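What follows is the residue order along each chain.
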Amino acid sequence: MSFQNIFVAGTDNLALIAEWALSELINHPNIMRKAIEEIDNVVGKNRLLQESDIQNLPYLQAIIKETLRLHPPIPMIPRKATEDRTVAGYHIQANIDIFINVWALGIDPDYWENPLAFRPERFLEKQMDVRGQHYELLPFGSGRRMCPGTSFGLQMIHATFGAMIQCF
Ligand code: HEM
């Protein structure tokens, strides 16, 4: 793992999430209005949103989760099978390369109501985080190789994207 890998993992993904979140909000002006309203109520208009505000901005957090569900920057996570296993009727041989399709899990109609709709409210209705414990939502992966930049990345994306739409 080189410094370059960490730099790319830390910058490219954040830019992709901000780009997708912004395009979703431009296409859903009612959601954009609601997000700005929440920021105005919590932060006000006299200062810029900062990291300490994030915990008081549940709708902004829901928007980022919904963006990660529909547009995970890393849609396929590679793994290698360590032993022979049968999963859901499929036989998987030892040593074979496996790709976990994070994007398909995020839009699986067995787990998500109206899966293709951008609806952040779904995350206000149920408690679900993005830290690898809910297998239908794995934008940072899961287990021993899950993203070590999860907390830092989430802080950065909420603070930068929140400040960006605050100034819209
Ligand atoms: C917020 C945006 C980010 C997303 C969506 C993201 C997503 C991911 C995913 C899906 C993996 C693979 C996890 C697995 O195999 O289970 C990963 C690995 C990794 N990420 Fe992130 N990441 C983000 C931000 C960051 C940041 C900010 C850093 C560092 C400052 C970082 C550093 C890494 C590294 C070093 C790995 C490889 C870990 C390993 O193979 O053991 N990521 N990331």
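Data block above holds the structure.
Calculation rules
Residues numbered from 1 in each chain as written. Predicted model: local features only at pLDDT ≥ 70, side-chain atom pairs only at ≥ 80, totals over all residues. Heavy atoms only, no water. Axes fitted to C-alpha atoms, helices over the stretch in contact; angles between N-to-C directions. Helix = DSSP H or I, 4+ residues; strand = E, 2+ residues; numbered from the N terminus. Parallel < 35°, antiparallel > 145°, perpendicular 65-115°, else oblique. Contact = heavy atoms within 4.5 Å. Nonpolar A, V, L, I, M, F, W, Y, C, P; charged D, E, K, R; others polar. Salt bridge = Lys/Arg side-chain N within 4 Å of Asp/Glu carboxyl O. Buried < 20%, exposed > 50% of the residue type's maximum accessible area, 1.4 Å probe, protein only. Donors = N, O, S within 2.8 Å, 3.2 Å for Na, K, Ca; no water.

### As for the packing of helix α2 (residues 29-42) against helix α6 (residues 150-166)
How two helices sit against one another is set out by the angle between their axes and by the gap between those axes. Running from N to C, α2 and α6 cross one another at 100°; their axes reach a closest spacing of 9 Å. Viewed along their axes, α2 and α6 adopt a mutual orientation that is roughly perpendicular. Of α6, the residues touching α2 (which contributes M32, A35, I36 and I39) are G162, I165 and Q166. Each residue belonging to the contact of α2 with α6 can be placed in one class, and the counts come to 5 nonpolar, 2 polar and no charged.

### Some details on the pattern of salt bridges
Overall, the coordinates contain 8 salt bridges when judged by the stated rule. Between D53 and R47 there is a salt bridge whose closest N-O contact spans 3.0 Å. Among the residues examined, D53 registers a relative accessible area of 6% and is labelled buried. Overall, R47 belongs to the partly exposed group, its relative accessible area being 36%. Here D97 and K80 are joined by a salt bridge, their closest N and O atoms 3.1 Å apart. Of this pair, D97 sits in strand β4 (residues 97-101) while K80 sits in strand β1 (residues 76-80), placing them 17 residues apart in sequence. Connected through shared salt-bridge partners, E66, R69 and R122 make up one network.

### Some details on the coordination of the iron atom of the ligand
For the iron atom of the ligand, the protein supplies a single donor, C147 (SG), at a distance of 2.3 Å. The topology assignment puts C147 in the loop between α5 (122-125) and α6.

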